[in-house]
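As a plain string of letters, each chain reads:
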Amino acid sequence: MSKYQTFIFDLDGTLLDTLQDLADSVNYALRQHRMPQHSLDDIRRFVGNGVRKLMERAVPLGAQNPQFEDVFACFRQHYMQHSLDTTRPYDGIPEMLQQLKQRGCRLAVVSNKMMAATQELVAHFFPEIEVAIGEHEAEGIRKKPAPDTVYEALRQLNALSPLPGYTAWQAERMSECPAVYVGDSDVDIQTARNSGLPCISVLWGFRDQQFLKENGATTFVATPQELLFC
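Keep in mind it's a predicted model, so treat the numbers as computed, not measured.

(A) Helix α6 (residues 115–125), seen in detail. Listed as buried for α6 are Met115, Ala117, Thr118, Leu121, Val122 and Phe125. Projection of α6 onto a plane perpendicular to its axis shows the buried side chains occupying an angular sector of 165°, all on one side. Across α6 from its buried face, at more than 90 degrees, point the exposed residues Ala123 and His124.

Printed below as a string of structure tokens:
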């Protein structure tokens, strides 16, 4: 039995294998603007800091390229239309979420993916998840690794009282409803640290174990089922 009652999950590389759809949309936008395309392994290295950073890494000269905003807009439009083409949950993820839900655990997703895409994918694949938060810095909530999206998810789950700016983690609430952050990347490790939460790093995602260790990971799971006993 897990000691945690609240699970905050990353999305890409943790719950969903989204890599091929992301790569297809990146390369579509690059082709439309006669720019060199990237391999799947390139895209794997580029993801993790939000779609704008993904495109900055994919476009020659990044944001300094005069065509960058057009390429970025092209990517966003294509991805919103094709985010379900090949994207699927990793094996064992739906069953693990169902078991956590049956135990009365509270479940949320925080992602650096666009808000609309995050909520669409979570609603489509994971009805057990109560809260899904994506990138929406226009509302003053910074993307990961800042703790803002984690705090907002905890607030919506009633696991964290609303404090101005969500700048302080309340230890008494943590003891009442112990929470954990689950992700697959260095960004997730930093996010958990900045949020004051323990972090579980999954080994089926976009980063390997050695990379995760080098970036401070200490707790690993090799299968979704292991999360039921952490």
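What follows continues from the structure just given.
(B) A look at helix α4 (residues 68–82). Helix length check: α4, at 15 residues, gives a terminal C-alpha distance of 21 Å against a target of 21 Å (1.5 Å per residue), a fit within 8%. Among the residues of α4, Phe68, Val71, Phe72, Cys74, Phe75, His78 and Tyr79 are the ones counted as buried. For α4, the buried positions fall inside an angular range of 160° around the axis, keeping them on one side. Along α4, exposed side chains directed more than 90 degrees from the buried face belong to Asp70, Gln77 and Gln81. Those residues of α4 that are buried are in contact with α1 (19–32), α3 (51–58), β4 (106–114) and α6.

(C) Representation of the packing of α3 against α4. The N-to-C vectors of α3 and α4 enclose an angle of 125°; their axes lie 10 Å apart at closest approach. The angle between α3 and α4 falls in the class oblique. Classified by chirality, the crossing of α4 by α3 is right-handed. Each of Val51, Arg52, Leu54, Met55 and Glu56 in α3 lies in contact with α4, whose residues at this interface are Phe68, Glu69, Val71, Phe72, Phe75 and Arg76. Grouping the amino acids of the contact of α3 with α4 by side-chain chemistry returns seven nonpolar, no polar and four charged.

(D) Quick peek at empty space enclosed by the protein. Scanning the model with the defined rule gives one cavity of 30 Å³ or more in all. Taken as a whole, the largest cavity holds about 220 Å³ of empty space. Considering the residues around the largest cavity, the lining is formed by 19 residues, among which Asp12, Val47, Gly48, Asn49 and Gly50 are closest to the centre. Taken together, the elements giving at least two residues each to the lining of the largest cavity come down to α3, β4 and α9 (186–195). Split into classes, the residues belonging to the lining of the largest cavity amount to six nonpolar, six polar and seven charged.

(E) Just the sheet that holds strand β6 (residues 179–183), in detail. Sheet architecture is open: six strands sit in the order β5-β4-β1-β6-β7-β8, paired in parallel fashion. If you trace the sheet from one side to the other, it starts and ends with β5 (131–135) and β8 (220–221), each paired once. Examined bridge by bridge, strand β7 (residues 199–202) and β8 share two bridges and lie parallel to one another. Counted as the bridge partner of Val202 is Val221 from β8. Relative to strand β1 (residues 6–9), helix α5 (residues 93–102) is tilted by about 150°, and along the sheet it contacts β1 and β4.

(F) Structural context of the environment of Cys230. Position of Cys230 among the secondary structure elements: in the segment after β8. Cys230 sits in the partly exposed class, given a relative accessible area of 22%. Linking Cys230 and Met1, residues 229 residues apart in sequence, is a C-alpha distance of 7.4 Å. If near-sequence neighbours (up to four positions away) are discounted, Cys230 is found in contact with Met1, Ser2, Lys3, Tyr4, Ile200 and Val221.

(G) Molecular detail of the packing of aromatic side chains. Following the criterion strictly, the structure yields five aromatic pairs and no others. Taking the centre distance of 6.0 Å and the plane angle of 15° together, the rings of Phe7 and Phe9 count as stacked. On the basis of relative accessibility, which here comes to 0%, the residue Phe7 falls in the buried class. Among the residues examined, Phe9 registers a relative accessible area of 0% and is labelled buried. Both rings, one in Phe125 and one in Phe126, keep their centres 6.1 Å apart while their planes meet at 45°; by these two values the pair is tilted. Comparing Phe125 with Phe126 shows no difference in burial state: the two are buried.

(H) Spotlight on the nonpolar core. With 52 residues, the main nonpolar core has Phe7, Phe9, Ile43, Met55, Phe75 and Phe126 as its most contacted residues. For Phe7, the contacting residues outside a window of four places in its chain are Ser2, Leu100, Cys105, Arg106, Leu107, Ala108, Val180, Val182 and Leu227. Membership of the second largest hydrophobic core comes to 18 residues, among which are Met115, Ala153, Leu157 and Leu212.

How each quantity is defined
- Residues numbered from 1 in each chain as written.
- Predicted model: local features only at pLDDT ≥ 70, side-chain atom pairs only at ≥ 80, totals over all residues.
- Heavy atoms only, no water.
- Buried < 20%, exposed > 50% of the residue type's maximum accessible area, 1.4 Å probe, protein only.
- Helix = DSSP H or I, 4+ residues; strand = E, 2+ residues; numbered from the N terminus.
- Arc of directions from axis to C-beta.
- Expected span 1.5 Å × (residues − 1).
- Contact = heavy atoms within 4.5 Å.
- Axes fitted to C-alpha atoms, helices over the stretch in contact; angles between N-to-C directions.
- Parallel < 35°, antiparallel > 145°, perpendicular 65-115°, else oblique.
- Left-handed = near helix turned anticlockwise from the far one by under 90°.
- Nonpolar A, V, L, I, M, F, W, Y, C, P; charged D, E, K, R; others polar.
- 1 Å grid on protein atoms, 1.4 Å probe; cavity = no way out; pocket = protein on both sides within 12 Å on 5 of 7 lines; lining within 4 Å.
- Points joined across faces, edges and corners; volume = space filled by probe spheres on them.
- Pairing = 2+ DSSP bridges.
- Phe/Tyr/Trp six-rings, centres within 6.5 Å; stacked < 30°, edge-to-face > 60°.
- Core = buried A, V, L, I, M, F, W, Y, C linked by side-chain atoms within 4.5 Å.

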